[in-house]
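# Observations on chain architecture
Given next are the chains, with one letter for each unit.
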Amino acid sequence: MEALDLTAKRLRHLRDVFTAAADRVRATMARYAEQDDADGAHPARQDDQQAHRPQEPGPYRGRETGH
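Here is a short report on the structure shown in this document. Keep in mind that this is a model prediction, so the values were computed, not measured. (Residues numbered from 1 in each chain as written. Predicted model: local features only at pLDDT ≥ 70, side-chain atom pairs only at ≥ 80, totals over all residues. Heavy atoms only, no water.)

## Considering the overall build of the protein
The criterion, for reference: Secondary structure follows DSSP: runs of H or I at least 4 residues long count as helices, runs of E at least 2 residues long count as strands, and numbering of each begins at the N terminus. Computed by Shrake-Rupley with a 1.4 Å probe, the accessible areas treat only the displayed protein chains as cover when residues are assessed.
From N to C terminus, the protein includes one helix and zero strands. Entry remark: accessible area of the protein is about 7,100 Å², with carbon and sulfur atoms responsible for 54%.

Okay, structure coming up:
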């Protein structure tokens, strides 16, 4: 019976620890969300940003370049 009580006690402790951690995460996320909301809505792409383009190939750097 003691083994079961100890296990139940450990499980309650783990539940409390994880609940407290989840509460801290929610509070942190809410704080950052409030900061983002204070700046106003952000467009998906700002005017000065460009769509992704593949990098243009540079000069070939193979074995014959003296490596």
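## Some thoughts on the pattern of salt bridges
We count it as follows: Salt bridges are counted wherever a side-chain nitrogen of Lys or Arg sits within 4 Å of a carboxyl oxygen of Asp or Glu. Under the scheme applied here, a residue whose accessible area is under 20% of the maximum for its type counts as buried, over 50% as exposed, and between as partly exposed, the area being computed with a 1.4 Å probe on protein chains only.
By the definition in use, this model includes two salt bridges. We note a salt bridge from aspartate 23 to arginine 26, for which the minimum N-O separation is 2.8 Å. Here the residue aspartate 23 and the residue arginine 26 both occupy positions in helix α1 (residues 2-38), the gap between them amounting to three residues, near one helical turn. According to the relative accessible area criterion, aspartate 23 is partly exposed, its value standing at 41%. Relative accessible area serves as the criterion here: at 52%, arginine 26 is assigned to the exposed category.

## Remarks on the packing of aromatic side chains
For the record, the criterion: By convention, a stacked pair of Phe, Tyr or Trp rings (six-membered ring in the case of Trp) has centres within 6.5 Å and planes under 30 degrees apart, an edge-to-face pair has planes over 60 apart, and any other such pair is tilted. Remark: a charge is flagged as sitting over a ring if the NZ atom of Lys or the CZ atom of Arg is within 6 Å of the ring centre and within 35 degrees of the ring normal.
Going through the model one piece at a time under the given rule, you end up with zero aromatic pairs. Lying across the ring of tyrosine 32, arginine 31 places its NZ or CZ 6.0 Å from the centre.

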